[in-house]
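Spelled out, the chains give:
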Amino acid sequence: MFTKYSIHFLTGCKRFDIIKVEGIISFEEVFYMTVYNTILVAVDGSDASKKALQKAVEVANNYEAKLGITHVIDTSAYSPNIVLNTNFDKAEQYAKELLLELKEMAEEAGAKEVETHLDYGSPKAKITKQIAKNYHVDLIVVGATGLNAVERFLIGSVSEHIVRHADVDVLVVRWDK
């Protein structure tokens, strides 16, 4: 007699069903797929980040997930005194226009729930440690870096930092010029 119990459990990334056949209990590994509910795409206005947005919308549509679009105005190069006395009006205006444009693009491409988020600070730290956690993000999508080898060596790319430090999955989207 074959009895398949509806009991299943997860170990790491594997899911098992318990099966009883003629009194013998065994385990059957079942295909387990990650489901993304909230996707965050980090944008800076570059062509690479727009390509990342396209991919994020595609993934969000496939999973019927919420989509967050974030831009962080980088103030990490300034000392705290300079940040307090610096007028970031132009950068903020650019960021707001960028986020509005990209939100409209995402909605036109079929994304259902789209939110935008603007912040100040180090994009590397804000995206991985604060924004992703605050919005309960399952997946972060970023464009591949546009920095040259010398800049990457000296300061490192935001994408690379996110890949190394995020607590969730990261999708890096390549962009061909």
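Rules and cut-offs
Residues numbered from 1 in each chain as written. Predicted model: local features only at pLDDT ≥ 70, side-chain atom pairs only at ≥ 80, totals over all residues. Heavy atoms only, no water. Helix = DSSP H or I, 4+ residues; strand = E, 2+ residues; numbered from the N terminus. Expected span 1.5 Å × (residues − 1). Buried < 20%, exposed > 50% of the residue type's maximum accessible area, 1.4 Å probe, protein only. Arc of directions from axis to C-beta. Contact = heavy atoms within 4.5 Å.

Student: Could you give an account of helix α3 (residues 89-108), naming the residues involved and the relevant values?
Tutor: Relative to the 28 Å expected for 20 residues at 1.5 Å per residue, α3 spans 29 Å between its end C-alpha atoms, a close match to the ideal helical length. Residues Ala95, Leu98, Leu99, Leu102 and Ala106 constitute the buried set of α3. Down the axis, α3 shows its buried residues gathered within 100° of arc, on one side only. Opposite the buried face of α3, by more than 90 degrees, sit the exposed residues Lys90, Leu100 and Glu108. Against the buried residues of α3 lie α1 (47-63), β5 (66-74) and β6 (114-121).

Student: Report on the environment of alanine 132, specifying residues and quantitative values.
Tutor: Assignment of secondary structure puts alanine 132 in helix α4 (residues 123-134). Along the primary structure alanine 132 and aspartate 167 are separated by 35 residues, whereas in three dimensions their C-alpha atoms are 8.6 Å apart. Those residues in contact with alanine 132 that lie beyond four places of it in its chain are Leu40, Ile127, Val137 and Ile140.

Shape descriptors only; they carry no functional weight alone.
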